[in-house]
Amino acid sequence: LDFKIHIEDLYLDPIREYVKSVVDLIAAKLSGDLQLRGTPDHPLFTGLMNLRRARVLVNYLNTRYSCTNTIIVNEDNFELKDFIINDDNSRSAVANGKIYHDNFKNFRFDIRLTADRFQVLNTNETQSSLYYGTAVGSGVATFAGPPDNIRMNIAMKSEKGTKIYLPLTGETEV
């Protein structure tokens, strides 16, 4: 294979099914230029893709984020360099790292997120019985490994606006 591919304003609705367990893809457009090499059984893509007006809801955290950034497409990974993510309060975090794959299977994360007063939780009592509330944090978080067994190392401090509730019901000792 040896193709040059130009993509202009591709709506990402078709991938919604693949990411629905983690995020609800509200909207996103993709544009860019890719080189396709390799074989039909093992295609190799390289190039730059521009993700525009992407908006997602992270299901577990109930937080909404938006971004417009460039993604570097390498043969075995998607690379994020100074990838800016905005929360609903117009605060930003910056992601750097790679999302590895084996021919678009067996995805693995190696991402570092640096945040300053960034919303990291926005749940209510009906969404989580263990804890709920709003959390705003500053610091660093790393995410490594496959989506079904991701390792998170979070070194953040809570900031003004954080309100976390730990319901204590029944005959529990504290």
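Each value, and the rule that gives it
- Residues numbered from 1 in each chain as written.
- Predicted model: local features only at pLDDT ≥ 70, side-chain atom pairs only at ≥ 80, totals over all residues.
- Heavy atoms only, no water.
- Helix = DSSP H or I, 4+ residues; strand = E, 2+ residues; numbered from the N terminus.
- Buried < 20%, exposed > 50% of the residue type's maximum accessible area, 1.4 Å probe, protein only.
- Salt bridge = Lys/Arg side-chain N within 4 Å of Asp/Glu carboxyl O.
- pLDDT = per-residue confidence, 0-100.
- Core = buried A, V, L, I, M, F, W, Y, C linked by side-chain atoms within 4.5 Å.
- Contact = heavy atoms within 4.5 Å.
- Pairing = 2+ DSSP bridges.

A. Molecular detail of the environment of N59. Mapped onto the secondary structure, N59 falls in the loop between β3 (43-58) and β4 (63-74). On the basis of relative accessible area, N59 is assigned to the partly exposed category, the value being 32%. Once the C-alpha coordinates of N59 and Q127 are considered, the two residues, 68 residues apart in sequence, prove to be 9.7 Å apart.

B. Region of interest: the pattern of salt bridges. Enumeration over the complete set of coordinates arrives at 7 salt bridges. A salt bridge links R108 to D102; the nearest nitrogen and oxygen atoms lie 3.3 Å apart. Looking at D102, the relative accessible area reads 39%, which means it is partly exposed. With a closest N to O distance of 4.0 Å, K157 and E159 form a salt bridge. The structure contains a network of salt bridges with shared partners spanning R91, D116 and R117.

C. Here's a closer look at the confidence of the model for the protein chain. Averaged over all residues, the pLDDT of the protein chain equals 91, while 97% of them reach at least 70. When the elements of the protein chain are averaged for pLDDT, helix α1 (residues 16-19) gives the smallest value, 74, and strand β5 (residues 77-87) the largest, 96.

D. Up close: the nonpolar core. L51, F83, I85 and A95 are the most contacted members of the largest nonpolar core, which has 27 residues in total. Breaking this core down by element, the ones donating at least two residues are β2 (23-38), β3, β4, β5, β6 (92-102) and β7 (105-123). Ranked by residue count, the leading element in this core is β2, at 6 residues. Leave out the neighbours within four places in its chain, and L51 touches L12, A28, K29, L30, C67, T68, N69, I71 and F83.

E. Representation of the pairing of β5 within the structure. Sheet analysis places β4 next to β5, joined by 6 bridges and oriented antiparallel. Looking at β5, one finds that I71 is bridged to L80. Counted along the chain from β4 to the antiparallel partner β5, the turn is 2 residues long. Across 8 bridges, β5 lies against β6 in antiparallel orientation. The residue bridging F83 from the neighbouring strand is A95, located in β6. Between the antiparallel neighbours β5 and β6 lie 4 residues, among them S90 with a positive phi of about 65°.

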